[in-house]
Amino acid sequence: MKPKTSFIKEKLKNIKENNLYRTLVYNKVAGPYITINGRKHINLSSNDYLGLGFKPVVSQIQSSSRLIAGNDISFKKLENVLAHHKSKEAALVFPTGYMANLGIIPALAQKNDLIVSDELNHASIIDACRLSPAKKTIYEHNNITDLEKKLKNKAKHKFVITEGIFSMNGDFAKLDDIAKICRENNAFLLLDDAHGDFVVGRDGKGSADQFRVTKNVDVYISSLSKALGAFGGYIAANKEIIELAINTSRSFIYTSALPGFLADLALKRIQTNREKNRLGLWEKTRLFTSGLKSIGYNIESQSHIIPIITKDEKKTLEFAKYLRENRIFAHPIRYPTVSQGEARIRISITDWLTKDMILQSLDTLEKAGKKFQVI
Ligand SMILES: Cc1ncc(COP(=O)(O)O)c(C=O)c1O
């Protein structure tokens, strides 16, 4: 008889054979650098876009659900500021952005309803949709004609969900067209702007502000752990939706609250003037993108998230290894984060990077691109 654990070994073997095996690499991040096994690398894989994340905090932990004893007074101020930031009546902080999606999508979309989701939406959106009893349908990435077609449905309520800046492609959702289609079809628009929030739009108000469609977004979902360099997630919407989330979002009710000191930290970060960091980020993004293009890379990204599409999983791993050997850390992204055969090196620009670091990175990326025949 086979040992009862043999299926686990089989599964791991299969993952390895397909070059999809992941290991945990211990590191220390300090500003723009990441140290791995005692070696310092330029960090091209951080989501701390505005370079705000490396500041010490004083810790103090409380552990209870917000509906029990975990509702630190800090949440009140933070949620008021977040609601104002998104021009909404109210906001609600969750322990993470992942949990914010998990909480709000099934709270809204019920039986006999329809969720229409972009094919490249983040795993947290996909998992949230799975938790809802509504019918789900996927529209082709950013394809407005397909979205419109999928919305021709007699569902009781319709919910369209998209990211603002797509986390693995760095392109913007066509929010002006999406907002129009939602309006015409009486559909709710849910916008996960984890990568655009605090980064784009006037005063960092996010992707919807960039497209001037803030009034058309019914629910914002976002993370405090990316451009804000803090931790946590939140939703912003009208008062009734927030009330519904407090009462029915399982990932809000049945879990411990974010520690109050993290809410304080997020509040402090929001109240910091981030204009200089945003301008710095865009200047560095322009420099990096034009540098990559001049080397010969085909770059389609419109933002600070710049994928280098390497397609083959094995080649992608070797490409990343070569970068690491040359003191550049840029993470290889493979299935199931992206489709099979669509592997990539995901570069994210931060305001931490200096001109010298960018030039050094470009130099190594040019050598890597030639070596692996990507350019
Ligand atoms: C689009 C998107 N939504 C949600 C999340 C989850 O955010 P958090 O890291 O706060 O859980 C992420 C994280 O990568 C994301 O890319």
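Bear in mind the structure is a predicted one, so any value in this text is a computation, not a measurement.

Calculation rules
Residues numbered from 1 in each chain as written. Predicted model: local features only at pLDDT ≥ 70, side-chain atom pairs only at ≥ 80, totals over all residues. Heavy atoms only, no water. Helix = DSSP H or I, 4+ residues; strand = E, 2+ residues; numbered from the N terminus. Buried < 20%, exposed > 50% of the residue type's maximum accessible area, 1.4 Å probe, protein only. Contact = heavy atoms within 4.5 Å. Domains from an automatic or database assignment. Buried area = accessible area lost by both parts, 1.4 Å probe. Salt bridge = Lys/Arg side-chain N within 4 Å of Asp/Glu carboxyl O. Polar contact = N/O pair within 3.5 Å; in protein donor to acceptor, adjacent residues only side chain to side chain. Axes fitted to C-alpha atoms, helices over the stretch in contact; angles between N-to-C directions. Left-handed = near helix turned anticlockwise from the far one by under 90°. Nonpolar A, V, L, I, M, F, W, Y, C, P; charged D, E, K, R; others polar. 1 Å grid on protein atoms, 1.4 Å probe; cavity = no way out; pocket = protein on both sides within 12 Å on 5 of 7 lines; lining within 4 Å. Points joined across faces, edges and corners; volume = space filled by probe spheres on them. Expected span 1.5 Å × (residues − 1). Arc of directions from axis to C-beta. Pairing = 2+ DSSP bridges. Core = buried A, V, L, I, M, F, W, Y, C linked by side-chain atoms within 4.5 Å.

Take the overall build of the chain next. In terms of regular secondary structure, the chain is built from 13 helices and 14 strands. On the principal axes, the C-alpha backbone points of the chain span a range of 55 × 50 × 50 Å. When burial is assessed residue by residue, the chain has 54% of its 375 residues classed as buried. Of all intrachain contacts in the chain linking residues separated by at least 6 positions in sequence, the fraction that spans at least 24 positions is 71%.

Right, let's get into the domain arrangement of the chain. Interfaces are frequently sized by the accessible area removed from exposure as the parts join. In terms of domains, the chain is made up of domain 1 (74-271) and domain 2 (275-310 + 319-375). The gap between the C-alpha centroids of domain 1 and domain 2 is 27 Å. Between domain 1 and domain 2, the contact holds 14 residues from the first and 14 residues from the second. Overall, the association of domain 1 and domain 2 removes approximately 1100 Å² of surface from exposure, summing both partners, and the carbon and sulfur fraction of that is 56%. Counting across the interface, domain 1 meets domain 2 through 1 salt bridge. Of the charged contacts, one joins Asp203 and Arg278 as a salt bridge, the two residues approaching to 3.6 Å between their closest N and O atoms. Counting the contacts that link domain 1 with domain 2 gives 7 residue pairs in polar contact (both at pLDDT 80 or more).

Packing of helix H2 (residues 74-85) against helix H10 (residues 260-271) brings their axes to within 9 Å, and their N-to-C directions diverge by 35°. Both H2 and H10 take part in a crossing whose hand is left-handed. Contacts from Ser74, Phe75, Lys77, Leu78, Val81 and Leu82 of H2 reach H10 at Gly260, Ala263, Asp264, Ala266, Leu267, Ile270 and Gln271. Counted by class, the contact of H2 with H10 contains 8 nonpolar, 3 polar and 2 charged residues.

Taken as a whole, the second largest pocket holds about 460 Å³ of empty space. In this structure, the second largest pocket is lined by 17 residues; those nearest its centre are Leu120, Asn121, Pro336, Thr337 and Val338. Split by domain, the lining of the second largest pocket shows at least three residues from each of two domains, domain 1 (74-271) and domain 2 (275-310 + 319-375).

This part covers H2. With 12 residues, H2 ought to run about 16 Å at 1.5 Å a step, and its terminal C-alpha atoms sit 17 Å apart, in line with that. Buried within H2 we find Ser74, Phe75, Leu78, Glu79, Leu82, Ala83 and His85. Looking down the long axis of H2, one finds its buried residues gathered within 155° of arc, a one-sided arrangement. Exposed residues pointing more than 90 degrees away from the buried face of H2 are listed as Lys76, Lys77, Asn80 and His84. Contacts from the buried residues of H2 go to strand E4 (90-94), strand E10 (233-237) and H10.

Next up on the list: the pairing of strand E5 (residues 114-118). Counting buried positions over the 5 residues of E5 gives 5, a clear majority of the element. On E5, burial covers both faces: Leu114, Val116 and Asp118 on one face and Ile115 and Ser117 on the other are all buried. In this sheet, strand E6 (residues 135-139) lies alongside E5 in parallel orientation, the contact comprising 5 bridges. If you follow Val116 over to E6, its bridge partner there is Thr137.

Strand order across the open sheet formed by 4 strands is E1-E2-E3-E12, with mixed pairing between neighbours. Of all the strands in the sheet, the pair left with one neighbour each is strand E1 (27-30) and strand E12 (328-329). Relative to strand E3 (residues 39-43), strand E2 (residues 33-36) runs antiparallel, the two sharing 4 bridges. Residue Ile36 lies in a different strand from E3, and its bridge partner there is Arg39. Seen against the sheet, helix H13 (residues 355-371) touches E2, E3 and E12 and runs at an angle of roughly 95° to E3.

Right, let's talk about the pattern of salt bridges for a bit. Applying the stated rule across the entire model yields 18 salt bridges. The partner of Lys13 in a salt bridge is Glu17, with the nearest N and O atoms 3.5 Å apart. Linking Lys13 with Glu17, this pair stays in helix H1 (residues 6-17), spanning 4 residues, or about one helical turn. The class for Lys13 is partly exposed, based on a relative accessible area of 45%. For Glu17, a relative accessible area of 54% puts it in the exposed group. Taking the shortest distance from any N to any O, the salt bridge between Lys314 and Glu318 comes out at 3.6 Å. With Lys314 and Glu318 both in helix H12 (residues 313-325), this residue pair falls 4 residues apart, about one helical turn.

This brings us to the nonpolar core. If you look at the biggest cluster of nonpolar residues, it comprises 78 residues, and the most contacted ones within it are Val160, Phe288 and Ile347. Here the element with the most residues in this core is H10; it accounts for 7 residues. Both of domain 1 (74-271) and domain 2 (275-310 + 319-375) provide at least three residues apiece to this core. Not counting residues up to four positions away in its chain, the partners in contact with Val160 are Val116, Tyr139, Leu147, Leu151, Ile178, Cys182, Ala187, Phe188, Leu189 and Leu190.

This next bit is on the sheet that holds strand E14 (residues 343-348). Note on sheets: strands pair through backbone hydrogen bonds, and any given pair is parallel or antiparallel. Read across the open sheet, the 3 strands follow the order E11-E14-E13; overall the sheet is antiparallel. Edge strands, defined here as strands with exactly one partner in the open sheet, are strand E11 (305-311) and strand E13 (331-333). Put simply, the sheet's adjacent strands are angled 30° from each other on average, direction ignored. Summarising the sheet, E11 and E14 pair through 6 bridges and their orientation is antiparallel. In the sheet register, Ile308 faces E14, and the bridge partner there is Ile345.

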